[in-house]
Structure formats: C-alpha cells, structure tokens
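Below are the chains, spelled out letter by letter.
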Amino acid sequence: MNRKNAVSLVLAVIAAAATVLVTTAGSWDRLRYTVGAFEREAEQRNISETLDLFGATYAGFYVTGGNPEGLRLFPAEMLIKRRIFMEINTYREAGVVYALDRDRSELKDIQFLDLAHAVAVADESWFMMYQDAATRRSLSAKRAMFTTVRYFLKKRWGKWNVLEYEVYGRDDTLPPFDRRRVIAW
Amino acid sequence: MVNLRGPARFAASDTVLICLSAFLGTFAALGVLGVFEAQGSSLMRVLHRPQAVAAALALLCALAARIAMVASARSDREDPKSRAVRLLFLTGFFLCTAGVVVSSFVRFEGGIALTEGQRFGDGGTAYEEGSVSQRRYARAPDLDLAMLEIVPRIRDAGMALRGVSARVLHIDRPSGAQDVLTLRSWFPVYRYGAWLHIKDFGYSPFYRISGPSGEVLDEAFVSMRLFPPGAEDSFRLRVQPETFYLKYYPAGTHADALSAAPQYRLRIARNLDLIVPSRAVSPGEKVGMGGGMAVSFEQIRHWGYVTIVKDAGFTFVMLPGAVLMLTALTLAARKGINVLTVGRRQEN
C-alpha cells in the first residue's frame, strides 16, 4: 500500500469514528464515562441521598397506611410504586397497618455502569410490627429484619431514580448481575 | 478498454475503494463493539443504520466502476486468469455490499425463549418484547412451531455449556402437514424461507401458588436463567408484590446442594421485606408465603432461545457474494494473485 492510500485509510477510520460520535445518541456521555470525566464523588453523594429519600418515603407509605402524599417525590419507577401500594391495600382491606421503620442503612458499594446507570449495595436494618389501623394498637411483637439490598438506579432529567432492587439475606452471596439487561431498562 | 472519464475514473481508484471500505468496516466495528454506546449491537443492525447504508451505496458505485475497468482491461497488459480472479472477487464484494443495502429494507428478525411443549405462532406465544427488528418492507415469516425437545451438551461437570440442539415441530397451516426440524447452536438452519437458530439454554420450573385451602391460585412454567447450577434468577406475578428468587441444582451438581437429588434454593421478598430467607426446597415441597398462601415447584423443563431471521438480502445476495469472494481468495492464494490491490497499469 502506498503512502497516499495509507493516509486515506487513516482518514477514513477517523471519519468513521467521528460519524459515530456525532450521530449516535449518548456517545459523548459514553466517552466521558470511559475516560472518567465526570464528578464521581458528587454522583455518589446524589445516589446516597436518593436512597435515603427512597427508604424514608417507603417507610412513610406503610406507616401512614398508604397516604400517597410522598408519591411525587418518591424516587422510584412506577412498577415499584404499584407493588408497594398493592401490598398496602391488602393490609388496608384487613384493617391493619404494617408499621415499618428503617433503623440503619449502610451503603457498601456504588458502581457506575455509565453516566446514567448505577448499581448500589446497602446493608439495611428494619423494624416492623402490625398495628390496628383504627386504634394503632400493636397486633404483633416488634420484629427486626437484616437484609442486603442491591439497587439499580437510572439518572433521568438530572435525578437518580430506583429502577429495580434485589433483596438478599445478610449471609447470601450476591450473584453477578447482567450489565446489558440493566442498561437496557 | 472502457475509457472511464473523470468522476468514474476517480470512483474506480484504489483510494476511493480503500476509503469507503475502511469507513464501513470501522463504522461496523465501532457499532458492534459499542465503543461510543452503552452496549454493542449486532452486525446487521449496525449496517442498517443510515450512515452505513449511505457508505454502502457509495461503495457500490465505486465497485461498479472498478468492475467495468477491470472487465475491459486489455489482455496483453494482464494475465486473463488473474483478471478473472480479480473480477470474481470484485463481483463477490459488490454482491455482499448490495446485500447490505437490500437487507436494510427487507430484513425481519425476532427471538423467543421456547420451553419444551410450548407453541409459537398461530395464536400461541409471540416474539419476545424488544427482540423484533423489522425493516420497512420486511414481513414476519408465517411460522407455526412447537418445541419438542431441547438437549444441552454440557461440560466441566455440568457447569458449562458446549452447545444446544433442539427438535422443533413445524406445522404447515394450509395443509396441516407436520415435519420435525433439528436446530443446532453451532449453525443456523434455513427452512420455510427463514433462518432458525437456537442460541441459549436455561430451565423453566413449573410454579404453583396455592391458597389456604390448597386451591390452586396460579400455576405456569416460567423461563429462568438457572444455568449453570448456582445461577440465580427471579420472577414476579403480575398481580402480586412478591419476588421469587430461585437457583436450581440438577442431581447434586453444586457444593451448596444438600442432597444428591435435584434441589431448588428459594428466597422470597415482598417489596423490601424478606419474607422467606434463602432455603433449600425439594421439587413439590410447599413453602409458606404468609396469608395462608404457599408456593411449590413441581417439575422442570428446558427452554431454548430461538432466533428467526427472514432476509432476502442476506440469503440471496450477500451469501452468494461471500461464496464468490472466498472462492476468489482461495484461487488467488493458490496462484499468488493479489486481489486487494490493482496496479496503476490497469488504469491506463
């Protein structure tokens, strides 16, 4: 191959890369993620705050017997909200409140899959008891639950949202997750 | 010799061919590898993007000009056999490129995880959501299939998959005639106007949710990624907040298994509440979920992921083109002919 053709080859490769960069949605974000050009610590703090809000609002829904006031600010996908209220409605029909209180949440790990997807693992401690909905009299002993939760988050319009989560016992080994499936959510 | 003028002569030059081929190849590689994207795509989906189709069209024009030049070269300037091999290669290259363009208009692609005994088409199961890619003039193949049997070929003491084969029943709707087709993971099969390929394997346990009186509230097979043993997957029911996390160990295949018999490992969460911590479960054993409800896993079958592709551009244009190119390269290698470069002597 002569010099002219070699130069043409290199220019064609550069043109192809530039075309992909310019015409593919999210390519600049992907490039920023690959070279690490994003504020990792700030995003980690944002995710931590999101999970704090998630836990507090989650408990609030149960404790109030399904008051939807916090729904707009609840950082979760619609299906998560629906499943929570499915459960609360079951209790409401039985005249019971499932009083939840999150004692501790310790964030163990946050992994960024790209600028808009992250996976966070937290050890959580909860206390719960059943109460009569009308009188708030205890219907059961207070019970403690210790779990490890893996949260899958997506950033939309500048805010992190919980897409999905997996619940494990403290002694369970967390299996690997399908990265492609998470990014495709 | 055809005296190519100005633009046509330029189009037939090494420089243009190299530029366009390199552009298309690099664009395809970047798309498949997902270098600037969240994840890569399949080669055909990348080649169907407007940028790739535009480059392919330009390459077609350049190849056509090149073929015209080579075809009309005077024999005293070039060995006829060498010219024939180069023409064969260029024609194959032209057909491959033309196939990409045709495929971008007519390709249909879809996938489905089929459990043994499950039927696809004719009111049965539909394609998996997100798996269908249908170009503008594409039509889905009219197939009525039933999965009869899936046989995984397993190695490393049951921990790795070497390959999968499946027997599939095809029902021809107009006549009602039936025939059995064998699919293999190492190569797709072309039947009924489409390419069928089995690509993946897993287990479909049969769950049963029973009520306080033992009445069956819900039951079905659910396709889960439970291979290799120890892999965990989960499922939910549409109207329930519970999540069922499951592992499957066929006949004592994992150190975790408590016995030599097939075992499940089950964990159930209701939203963030772990209502059933991780425990071993035997087939048929009922596990209480609270509220008088119980879940059991009765039997297990195999599922295989079948992809169905109908693409006239690939089948009737690209494939013959690839055969021609491979033939030309084989002949060129034997006779010491370089098909990739054409000296300037042919362009005079």
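Preceding this paragraph is the structure being described.
Our subject in this report is the structure included herewith. Fair warning: this is a prediction, and the values are worked out from it, not measured in the lab.

### What about the sheet that holds strand β4 (residues 145-155) of chain B?
Residues and elements named next belong to chain B.
Inference 1: What the 4 strands build is an open sheet, ordered β2-β4-β5-β6; its pairing is antiparallel. Edge positions in the sheet fall to β2 (119-120) and β6 (178-184), since each has one partner strand and no second.
Inference 2: When β2 meets β4, the two strands line up antiparallel, connected through 2 bridges. For Arg119, the partnering residue across the bridge sits in β4 and is Ala146.

### Looking at the pairing of strand β9 (residues 216-221) of chain B
All names here are of chain B.
Inference 1: Sheet analysis places strand β8 (residues 194-210) next to β9, joined by 5 bridges and oriented antiparallel. The residue bridging Phe206 from the neighbouring strand is Phe221, located in β9.
Inference 2: Between β8 and β9, which pair antiparallel one after the other, the connecting turn spans 5 residues, and Gly214 there sits at a positive phi close to 85°.

### Some thoughts on helix α4 (residues 78-93) of chain A
Along an α-helix, a turn takes 3.6 residues, which lines up residues three or four apart on a common side.
Inference 1: Taking 1.5 Å per residue, 16 residues should reach 22 Å; α4 of chain A reaches 22 Å between its end C-alpha atoms and fits that length.
Inference 2: Within α4 of chain A, burial applies to Ile80, Lys81, Arg83, Ile84, Phe85, Glu87, Ile88 and Tyr91 of chain A.
Inference 3: Its buried side turned inward, α4 of chain A meets α3 (40-63), β1 (96-114), β2 (117-132) and β4 (159-169) of chain A together with β10 (233-236) and β12 (263-270) of chain B.
Inference 4: Immediately beyond the C-terminal end of α4 of chain A, within one or two residues, lies Gly95 of chain A, with a positive phi of roughly 75°.

### Here's the deal with the packing of aromatic side chains
Inference 1: Per the stated rule, a full pass over the model turns up 35 aromatic pairs over all chains.
Inference 2: Here Tyr62 of chain A and Tyr98 of chain A contribute two aromatic rings whose centre-to-centre distance is 6.0 Å and whose plane-to-plane angle is 75°, an arrangement assigned as edge-to-face. In this pair, Tyr62 of chain A sits in helix α3 while Tyr98 of chain A sits in strand β1, placing the two residues 36 residues apart along the sequence.
Inference 3: Look at Tyr151 of chain A and Tyr165 of chain A: their rings are 6.3 Å apart centre to centre, the planes differ by 65°, and that puts the pair in the edge-to-face class. Taken together, the residues Tyr151 of chain A in strand β3 (residues 143-156) and Tyr165 of chain A in strand β4 connect sequence positions 14 residues apart.
Inference 4: Looking at Tyr165 of chain A, the relative accessible area reads 2%, which means it is buried.
Inference 5: Three or more aromatic residues joined by ring pairs make a cluster, and in this case those are Phe54, Tyr58, Phe61, Tyr62, Phe74, Phe85, Tyr91, Tyr98, Trp126, Tyr130, Tyr151 and Tyr165 of chain A.
Inference 6: In this arrangement the basic side chain of Lys142 of chain A is found over the ring face of Phe127 of chain A, its NZ or CZ atom lying 5.5 Å from the centre.
Inference 7: Directly above the ring of Tyr245 of chain B sits Arg267 of chain B, whose terminal nitrogen or CZ lies 4.2 Å from the centroid.

### Things to note about the environment of Arg135 of chain B
Residues and elements named next belong to chain B.
Inference 1: By the element assignment, Arg135 lies in the loop between β3 (133-134) and β4.
Inference 2: Sequence separation between Arg135 and Phe108 is 27 residues; the distance between their C-alpha atoms is 6.4 Å.
Inference 3: Apart from residues lying up to four places away in sequence, Arg135 is in contact with His48, Ser103, Ser104, Phe105, Val106 and Arg107.
Inference 4: A distance of 3.3 Å separates a polar atom in the side chain of Arg135 from the backbone oxygen of His48.

### Things to note about the nonpolar core
Inference 1: Ranked by size, the top nonpolar core spans 43 residues in total, and within it Ile209, Phe235, Phe244, Leu266, Val295, Phe297 and Ile308 of chain B carry the most contacts.
Inference 2: The dominant element in this core, judged by the number of residues it contributes, is β8 of chain B, at 7 residues.
Inference 3: Leu51, Ala118, Trp126 and Leu153 of chain A belong to the second largest nonpolar core, which has 38 residues in total.

Definitions and cut-offs
- Residues numbered from 1 in each chain as written.
- Chains lettered and ligands numbered in written order.
- Predicted model: local features only at pLDDT ≥ 70, side-chain atom pairs only at ≥ 80, totals over all residues.
- Heavy atoms only, no water.
- Pairing = 2+ DSSP bridges.
- Helix = DSSP H or I, 4+ residues; strand = E, 2+ residues; numbered from the N terminus.
- Expected span 1.5 Å × (residues − 1).
- Buried < 20%, exposed > 50% of the residue type's maximum accessible area, 1.4 Å probe, protein only.
- Contact = heavy atoms within 4.5 Å.
- Phe/Tyr/Trp six-rings, centres within 6.5 Å; stacked < 30°, edge-to-face > 60°.
- Lys NZ or Arg CZ within 6 Å of the ring centre and 35° of its normal.
- Polar contact = N/O pair within 3.5 Å; in protein donor to acceptor, adjacent residues only side chain to side chain.
- Core = buried A, V, L, I, M, F, W, Y, C linked by side-chain atoms within 4.5 Å.

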